[in-house]
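Okay, here's what each chain looks like letter by letter:
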Amino acid sequence: MPFHMVVFVISDCGMNCPFCNQKPWREAHPRYEMPMSDLHLLIRRAQELGVVFDAVEFTGGEATLWPHFKEASRLVMESGIAKRMDTVTNGIAWHVLTDPDLLQWYPTIKLSTSHPHPDSHDALRRVWGDRLLENSMLHVRVPTEVNADYLPARCSIPTYVAYFDRVVYYCCCTWSTCAHIGMDVKSDPELWCPVEDDFVAHFANRKFDKPICSVCLNNSRNLKRLWGI
Ligand code: SF4
Ligand code: SF4
């Protein structure tokens, strides 16, 4: 199965959006910056397991504020463990994102314009021209009660797994959704796996039937219920 690996590299982001999807993780790990030794470990394990990720995505926080962003991107691509790099940015470090060296590894840059002040949102849209960037994210309250009727989830990001601090997690929403329903992220051994284990096998047969999936906006059953789509 193809995997998209999301790597949590920094908890700072330069913004403090009240609706931040990664707020629980960011607040639990203030001033976190992933050491390069962690990246070397992840690369070694991926090579040992023979996995080539569809993409390695640095995230946080705002990944472009991570001091190792460029060097780490180069290392990942040169190691052969990913077909491409990926990131979603709030655009705060635009000078990083327009570095021509980086652009050879990032075929697309996803600029999330749902976060900034309306003025900066409009300014960013003008940078790119008409209608390329839309504020498409509607911020609504997600369900807070686990609802078995919404399981298994129709997960909109079924190939994503996530890495943080020598552990691979079920998906990049594991921390936030566990916090949302008051669940200890380590309480279900199927939700995580030490990177030294065979994490490819561990997550090969996810069924998206976890309590966290029932309250997640990546579960399209929730989108249907909340927005009728
Ligand atoms: S810019 Fe993104 S990561 Fe930063 S606080 Fe806002 S939503 Fe969270
Ligand atoms: S539906 Fe489940 S697997 Fe998919 S992103 Fe949400 S919590 Fe993760």
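The notes below deal with the structure included here. No experiment lies behind these values; they were computed from the predicted model shown. (Residues numbered from 1 in each chain as written. Chains lettered and ligands numbered in written order. Predicted model: local features only at pLDDT ≥ 70, side-chain atom pairs only at ≥ 80, totals over all residues.)

## Overview of the nonpolar core
Then step 1. Counting 50 residues, the largest nonpolar core has Val7, Val56, Val161, Ala162 and Tyr169 as the members making the most contacts within it.
Then step 2. Elements supplying a minimum of two residues to this core: strand S1 (4-8), helix H2 (36-49), strand S2 (55-59), helix H3 (69-79), strand S5 (160-164), strand S6 (167-169), helix H7 (174-180) and helix H9 (211-214).
Then step 3. Per element, the largest residue contribution to this core is five residues, and it comes from S5.
Then step 4. The residues contacting Ala162, other than those within four sequence positions of it, are Val6, Phe8, Val168, Tyr169, Cys171, Cys172 and Thr174. (Core = buried A, V, L, I, M, F, W, Y, C linked by C-beta atoms within 7 Å. Buried ≥ 20, exposed ≤ 12 C-beta atoms within 10 Å, placed from the backbone. Helix = DSSP H or I, 4+ residues; strand = E, 2+ residues; numbered from the N terminus. Contact = placed C-beta atoms within 7 Å.)

## Considerations on the sheet that holds strand S4 (residues 110-111)
Then step 1. Taking strand neighbours across the sheet as the criterion, the seven strands line up as S4-S3-S2-S1-S5-S6-S7 in an open arrangement whose pairing is mixed. Each edge of the sheet is formed by a strand with only one pairing partner; in this case those strands are S4 and strand S7 (192-194).
Then step 2. Two elements, S5 and S6, share three bridges in a ladder whose sense is antiparallel. Residue pairing across strands places Tyr163 opposite Val168, the latter belonging to S6. (Pairing = 2+ DSSP bridges.)

## Details of unusual backbone geometry
Leaving glycine aside, a negative phi is the common case for residues, and trans is the common case for peptide bonds.
Then step 1. Here Gly60 and Gly61 are connected by a cis peptide whose omega angle stands at 15 degrees.
Then step 2. Within the secondary structure, Gly61 is located in the loop between S2 and H3.
Then step 3. Despite not being glycine, Phe208 has its phi angle at roughly 55 degrees, a positive value.
Then step 4. Relative to the helices and strands, Phe208 resides in the loop between helix H8 (199-202) and H9.
Then step 5. According to the C-beta neighbour criterion, Phe208 is partly exposed, with 18 such atoms within 10 Å.

## A closer look at the packing of H2 against H3
Then step 1. Where H2 contacts H3, the two axes come as close as 11 Å, and the packing angle between them is 15 degrees. As far as their axial angle goes, H3 and H2 are roughly parallel. Of the two possible hands of crossing, H2 and H3 adopt the one that is right-handed. Packed against H2, whose contacting residues are Met36, Leu39, Ile43 and Gln47, the element H3 presents Ala72, Leu75, Val76 and Ser79 at the interface.
Then step 2. Its residues assigned to classes, the contact of H2 with H3 comprises six nonpolar, two polar and no charged. (Axes fitted to C-alpha atoms, helices over the stretch in contact; angles between N-to-C directions. Parallel < 35°, antiparallel > 145°, perpendicular 65-115°, else oblique. Left-handed = near helix turned anticlockwise from the far one by under 90°. Nonpolar A, V, L, I, M, F, W, Y, C, P; charged D, E, K, R; others polar.)

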